[in-house]
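Chain by chain, the residues run as shown.
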Amino acid sequence: MLLADVCKIQMGYSARQSLVETPIGVPAIQLSDLSQSDELIEMEPNSVNLDKAKIKQRYFASGGDVIFRSRGRDMTAALLPNDWPHIALIVMPLLILTPDKSRISPEYLTWAINSPEAQTYFEKNKQGQRISMMSRAALEELPIPEASLSQQHSLVQVSRLSKQAFQLETRLSVLNRHLAHLKITQALDSNYSHGAKT
């Protein structure tokens, strides 16, 4: 199945003015608010200098939506969790993907877009030389692996556990290097102290 079969794709809001943070304004998420590694958005959106009454509702996202970075080195997705307590304006080049939850879960959609297979697809279909961009038409054609909702849940859980295991292994490797360095330093200090006494 294709991405367009299982979710609604909405381009982000195209601001005609420079957006600056203000105490009172419209809560918004911009590309600069997200790091390329973010797969889960839990931040409270900053307010920017816009009038909400002048902005169409389709440009706002809430919990359960998936935000896609359509420009830059890494074209990846980040999930707004179902219990995210905010409604935020999504600014171009970010896109709003609203999954058909009877067919695909937001978590699985995020996982599928961030998978190596999808990233290979984006690499082959990106546009632009200096700044890479993904067209809506190409995004709509992104193949999504078919799976039942229960299978989707299992795949997401396995992926999450795998990432946690990798992070723990990386942390353990760092700690082992520190421990080895400490033992060597202590041994050298001991040898130096012993030599000084004799």
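Before any of the text, the structure's been laid out above.
Novice: Before we move on, can you summarise the overall build of the chain with the specific residues and values?
Specialist: A count of helical and extended segments in the chain gives five helices and eight strands. Helices and strands in the chain line up, N terminus first, as α-β-β-β-β-β-β-β-β-α-α-α-α. In summary, the chain has a C-alpha radius of gyration of 23 Å against a globular reference of 16 Å for 198 residues, an excess of more than 25%. Expressed along its principal axes, the backbone C-alpha trace of the chain runs to roughly 85 × 45 × 40 Å. Expressed as a percentage of contacts within the chain between residues at least 6 apart in sequence, the contacts between residues at least 24 apart total 75%. Element-wise, carbon and sulfur atoms account for 53% of the exposed surface of the chain, whose accessible area totals about 12,300 Å². Averaging the coordinates of the 21 positive side-chain charges in the chain and doing the same for the 20 negative ones gives two points 5 Å apart.

Novice: Describe the nonpolar core, and please don't skip the residues or the numbers.
Specialist: One finds L3, F68, L97, I113, F122 and L139 to be the most contacted residues of the largest nonpolar core, which totals 27 residues. Every element with two or more residues in this core is listed here: α1 (3-6), β1 (7-11), β5 (66-69), β6 (77-79), β8 (94-99), α2 (106-114), α3 (116-125) and α4 (136-140). Considering each element in turn, this core owes the most residues, four residues, to α2. Discounting chain neighbours no more than four positions away, the residues touching I113 are L3, F68, T76, A77, L97, A118, Q119, F122 and L142. By size, the runner-up hydrophobic cluster in this structure holds 12 residues, among which are I67, L80, W84 and L94.

Novice: Report on the pattern of salt bridges, specifying residues and quantitative values.
Specialist: Counting across every chain of the model gives three salt bridges. Here K126 makes a salt bridge to E123, at a shortest N to O gap of 2.9 Å. Across the salt bridge formed by R136 and E140, the nearest N and O atoms sit 3.3 Å from each other. One end of the pair is R136 and the other is E140, both in helix α4 and four residues apart, which spans about a single turn.

Rules behind the numbers
Residues numbered from 1 in each chain as written. Predicted model: local features only at pLDDT ≥ 70, side-chain atom pairs only at ≥ 80, totals over all residues. Heavy atoms only, no water. Helix = DSSP H or I, 4+ residues; strand = E, 2+ residues; numbered from the N terminus. Rg over C-alpha atoms; globule rule 2.2 N^0.38 Å. Contact = heavy atoms within 4.5 Å. Areas by Shrake-Rupley, 256 points an atom, 1.4 Å probe, with all protein chains shown as cover. Lys, Arg positive; Asp, Glu negative; His and termini not counted. Charge placed at Lys NZ, Arg CZ, Asp CG, Glu CD. Core = buried A, V, L, I, M, F, W, Y, C linked by side-chain atoms within 4.5 Å. Buried < 20%, exposed > 50% of the residue type's maximum accessible area, 1.4 Å probe, protein only. Salt bridge = Lys/Arg side-chain N within 4 Å of Asp/Glu carboxyl O.

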